[in-house]
Amino acid sequence: MQKNLWRLIWGLLVIAVLAGSFLAGAVVGFEERPAFKKITSLFNLETTASAKIDFAPFWKAWNVIDEKFVDNGAATTTTDETEKTQKRLWGAIGGMVDALGDPYTVFLPPVEKKSFEESINGNFGGIGIEIDLRDKILTVVSPLAGTPAALAGIIAGDQIIKINDQDTEKIMIDEAVNLIRGEIGTVVKLSIVRKDEEKLRDFVITRAKITIPTVKTEIKDGIFIIKLFSFSANASETFRVALREFVAAKTNKLIIDLRGNPGGLLEAAVDLASWFLPAGAPVVIERGRDSEEEKIHRSHGYDVFTDRLKLAILVDGGSASASEILAGALSEYGKAVLVGEKTFGKGSVQELVKVTDDSSIKITIAKWYTPKGQSLSDNGLTPQVIVKRPKKDEGSGSQPDFDPQLNKAIEILNSVK
């Protein structure tokens, strides 16, 4: 009886807090009132999706666990009841986020949040691959040049079936990243399936400190080539230096090689595009939950090259994110011809939102579109000139001497008068 009384009191307190929060939200919204109908809709609860859902089953299940569950010792490693309950809460939030079906939206409870923060601060050892979920299969977007993964023979498109013999069938990206990363000098085993092959390939790779390269330049057959490995924080500066070399080379023919470039900073992609586009030209469109949340990222307007510039951009299945932004914009404005293979198709924006002091949700808040409105998430970019690499070149761990994609780009630029 006493237990039920406390539950009733607790329920009334929760209702009071929720009611206060709701009214406070309504007042704040009214003060900002960009559209009055948005505010009045707050009071019509039947119009919201959540109001149409009966949450009683959730609380029923929670109470059933409270009242009936007997721990046999295998389900948990702790006997502290508060810790057990907290773990259930994290699990409930994680399940709700997983139900969205978006591989980029994940809940980060304390341990995972700490690991994520370490990864973005660079305090980790790894093997140098960008991974993603493709058709619910963990897939290599691209190995970074010169890293343990590339040297071991991992290539873009490899499907990771197991990590250290742990099946990846239902794994989330962040969990997979945590398994692959580790202390420098230790090893990780990847079991992969390669396109057009049925047999598993096992790779045992030693983790190392990953230093991501940015730019490499060369001249071949009178054409200046800029190989861009990533859109890192220093990409804008290193690309500017490379363009100076290009101008000094006294040629009007340029190839930007974005193959195997998994992307990086949006700001870097916009800055690089600005060397070729007039001020104010849309580089990429960012769209949120509705049309009112559209944001256009525009060229800074460096626009230093004349119509005499002949430009080709090399792309493949490892070109993703910021690579697709740059290639898509310059292609649609007629500044460059795309040569190679279809790009990966990573065009969404994530934001890290604090839930508690030690937990967060990394949530997709928008998608990227080319200046003409093509979604980068749906199918990636298809080059105007499709050229595939022969299978014999795959898995070599280094750039092959025979490069039909580069040779085709050279041929195209040298044929233009």
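Not measured: the values here are computed from a predicted model.

About the criteria used
Residues numbered from 1 in each chain as written. Predicted model: local features only at pLDDT ≥ 70, side-chain atom pairs only at ≥ 80, totals over all residues. Heavy atoms only, no water. Helix = DSSP H or I, 4+ residues; strand = E, 2+ residues; numbered from the N terminus. Polar contact = N/O pair within 3.5 Å; in protein donor to acceptor, adjacent residues only side chain to side chain. Contact = heavy atoms within 4.5 Å. Axes fitted to C-alpha atoms, helices over the stretch in contact; angles between N-to-C directions. Parallel < 35°, antiparallel > 145°, perpendicular 65-115°, else oblique. Left-handed = near helix turned anticlockwise from the far one by under 90°. Nonpolar A, V, L, I, M, F, W, Y, C, P; charged D, E, K, R; others polar. Phe/Tyr/Trp six-rings, centres within 6.5 Å; stacked < 30°, edge-to-face > 60°. Buried < 20%, exposed > 50% of the residue type's maximum accessible area, 1.4 Å probe, protein only. Salt bridge = Lys/Arg side-chain N within 4 Å of Asp/Glu carboxyl O. Pairing = 2+ DSSP bridges.

1. A look at the side chain of Ser375
Secondary-structure assignment places Ser375 in the loop between strand 16 (359-369) and strand 17 (385-386). A polar contact is formed between the side chain of Ser375 and the backbone nitrogen of Ser377, at a distance of 3.2 Å. Once residues lying within four places of it in the same chain are set aside, the contact partners of Ser375 are Trp368 and Tyr369.

2. Comments concerning the packing of helix 3 (residues 56-68) against helix 4 (residues 81-98)
What describes two packed helices is the angle between their axes and the distance between those same axes. Interhelical geometry of helix 3 versus helix 4 gives an angle of 155 degrees and a closest axis separation of 13 Å. Taken together, helix 3 and helix 4 sit at an angle that is classed as roughly antiparallel. Relative to helix 4, the crossing made by helix 3 is right-handed. In this structure, helix 3 uses Phe58, Trp62, Ile65 and Asp66 to contact helix 4, whose residues at the interface are Thr85, Arg88, Leu89 and Ala92. For the contact of helix 3 with helix 4, the class distribution of residues is five nonpolar, one polar and two charged.

3. Description of the packing of aromatic side chains
For the structure shown, the criterion picks out eight aromatic pairs. Note on Trp275 and Tyr302: the rings are 4.7 Å apart at their centroids and 55 degrees apart in plane angle, and the pair reads as tilted. Here Trp275 is found in the loop between helix 9 (266-273) and strand 11 (282-287), whereas its partner Tyr302 is found in the loop between strand 12 (295-298) and strand 13 (310-315), with 27 residues between them in sequence. On the accessibility criterion, Trp275 (15% relative accessible area) is buried. A relative accessible area of 32% means that Tyr302 is categorised as partly exposed. Ring geometry for Phe276 and Phe305: centres 5.3 Å apart, planes at 15 degrees, overall stacked. Separated by 29 residues along the polypeptide, Phe276 in the loop between helix 9 and strand 11 and Phe305 in the loop between strand 12 and strand 13 bring together distant segments of the chain.

4. Let's talk about the pattern of salt bridges
Once their charged atoms are close, side chains differing in charge can pair, the charge on each being opposite to the other. Inspection of the entire model under this criterion finds 12 salt bridges. Among the salt bridges present, the one from Arg287 reaches Glu294, with a minimum N-O distance of 2.9 Å. For Arg287, a relative accessible area of 31% corresponds to the partly exposed category. By sharing partners, the salt bridges in this structure join Lys227, Asp257, Arg259 and Asp403 into a single network.

5. Notes on helix 10 (residues 322-332)
Since the α-helix turns once every 3.6 residues, residues separated by three or four places project in the same direction. Across the 11 residues of helix 10, 11 count as buried, placing the element largely inside the fold. All of the buried residues along helix 10 are Ala322, Ser323, Glu324, Ile325, Leu326, Ala327, Gly328, Ala329, Leu330, Ser331 and Glu332. Next to the buried residues of helix 10 lie helix 9, strand 11, strand 13, strand 14 (337-340) and strand 16. Just past helix 10, the residue Gly334 takes up positive phi, approximately 75 degrees.

6. Focus: the environment of Lys388
Tracing the chain through its elements places Lys388 in the loop between strand 17 and helix 11 (404-415). Ignoring anything within four residues of it in the chain, the contact list for Lys388 reads Glu341, Pro404 and Gln405.

7. Some details on the sheet that holds strand 14
Spatially, 8-9-10-13-14-17 is the arrangement adopted by the six strands of the open sheet, whose pairing is mixed. Looking at the sheet topology across the chains shown, the edges are occupied by strand 8 (215-220) and strand 17. Both strand 9 (residues 223-228) and strand 10 (residues 253-257) contribute to a ladder of four bridges, which runs parallel. Each residue of the ladder has a partner; that of Ile225, found in strand 10, is Ile255. On the sheet, helix 10 packs against strand 13 and strand 14 and is oriented at approximately 145 degrees with respect to strand 13.

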